[in-house]
Amino acid sequence: ATQAPSAPAALPRSSSEEQVFEAWTPAVEWVSRQTGMAPGSLMGLILAENGGRDMGAVQSRDNNPFSIKWRPNADPPERKGTPATDGGNFYHFNSTSEALGRFVGMVAHPENTYNTRGPAAQGSRSARAWANRRNAARFAQELANGGYTGGPHEEREWVPRFSAGAQRYEAWRSRRGR
């Protein structure tokens with residue numbers, strides 16, 4: 001198996017969007033190959049969630065930029081994972097690619113059995129998002145329709161942030177011949 005590349009989990013908050021794109025592209029491309037998701041959808045998710053920049057010590061030390069909680073008693077056996085290095089309540093990942101892949105599985109995969117945003121995003125609603133994983137705008141809207149964003153107020157902010165980030169990333173990739 002090919003080892004997943006890793007983006008720095010702790011880019012400085014002052015990093016430009018181009019620096020974020022450069023740093024995250026190896027992880028985005030790797031997860032895209034693993035999941036079939038459009039690279040723009042993945043970058044849109046990163047930008048909508050945390051901007052791809054430093055979110056704190058847990059995120060950088062444990063390659064966990066999405067603050068995925070460690071739940072050994074609730075997760076199925078294949079996802080037991082490793083607790084954070086400080087023994088805290090978060091996962092430790094070997095790479096940010098691994099964290100991104102796990103996050104995608106948590107929020108969008110139709111076989112998802114664990115979702116931090118509640119049962120509304122599971123089942124057929126999650127399946128609609130997954131079916132649109134190659135189309136960033138539809139993917140974001142179906143996640144929102146499935147309850148991922150938590151409500152209309154959050155949806156009005158999250159979906160446009162996701163979609164605009166995905167578009168900027170695809171334009172950036174196009175300029176670089178990717």
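Since the model is a prediction, treat every value here as computed from it, not as a measurement.

Q: Hey, could you run me through the packing of helix H6 (residues 136–145) against helix H7 (residues 152–175) in this one?
A: Relative placement of two packed helices is described by the angle separating their axes and the distance separating the axes. Closest axis-to-axis distance for the H6/H7 pair is 9 Å, and the angle between their directions is 160°. Here H6 is positioned roughly antiparallel relative to H7, judged by the angle of their axes. The hand of the H6/H7 crossing is right-handed. Along the contact surface, H6 presents Ala 136, Ala 137, Phe 139, Ala 140, Gln 141, Leu 143, Ala 144 and Asn 145, while H7 presents Glu 155, Trp 158, Val 159, Phe 162, Ser 163 and Ala 166. Looking at the contact of H6 with H7 residue by residue, the class counts come to 10 nonpolar, three polar and one charged.

Q: Got a minute to help me understand the side chain of Arg 173 in this structure?
A: Structurally, Arg 173 is set in helix H7. There is a polar contact of 3.1 Å between the side chain of Arg 173 and the side chain of Glu 170. Those residues within four positions of Arg 173 in sequence are excluded, and the remaining contacts are Glu 29, Pro 39 and Arg 178.

Q: How should the packing of helix H1 (residues 17–35) against helix H2 (residues 39–49) be read in this particular structure?
A: At their nearest, the axes of H1 and H2 sit 9 Å apart, and the two run at 125° to each other. As far as their axial angle goes, H2 and H1 are oblique. When the axes of H1 and H2 are compared, the crossing they make is right-handed. Two secondary-structure elements touch here, H1 through Glu 17, Val 20, Phe 21, Trp 24, Val 28, Val 31 and Ser 32 and H2 through Pro 39, Leu 42, Met 43, Ile 46 and Leu 47. Here the residues of the contact of H1 with H2 sort into 10 nonpolar, one polar and one charged.

Q: Can you help me understand the nonpolar core in this one?
A: Nonpolar side chains in soluble globular proteins tend to be buried together. Formed by 38 residues in total, the largest nonpolar core has its most connected members in Trp 24, Val 28, Met 43, Leu 100, Trp 158 and Phe 162. Elements with a minimum of two residues in this core: H1, H2, helix H4 (96–107), helix H5 (124–131), H6 and H7. Among the elements that make up this core, the one with the highest residue count is H1 (seven residues). Residues contacting Leu 100, with those up to four places away along its chain left out, are Ala 27, Val 28, Val 31, Leu 42, Ile 46 and Phe 66.

Rules of the game
Residues numbered from 1 in each chain as written. Predicted model: local features only at pLDDT ≥ 70, side-chain atom pairs only at ≥ 80, totals over all residues. Heavy atoms only, no water. Axes fitted to C-alpha atoms, helices over the stretch in contact; angles between N-to-C directions. Helix = DSSP H or I, 4+ residues; strand = E, 2+ residues; numbered from the N terminus. Parallel < 35°, antiparallel > 145°, perpendicular 65-115°, else oblique. Left-handed = near helix turned anticlockwise from the far one by under 90°. Contact = heavy atoms within 4.5 Å. Nonpolar A, V, L, I, M, F, W, Y, C, P; charged D, E, K, R; others polar. Polar contact = N/O pair within 3.5 Å; in protein donor to acceptor, adjacent residues only side chain to side chain. Core = buried A, V, L, I, M, F, W, Y, C linked by side-chain atoms within 4.5 Å. Buried < 20%, exposed > 50% of the residue type's maximum accessible area, 1.4 Å probe, protein only.

Any link to function would need more than the numbers given here.
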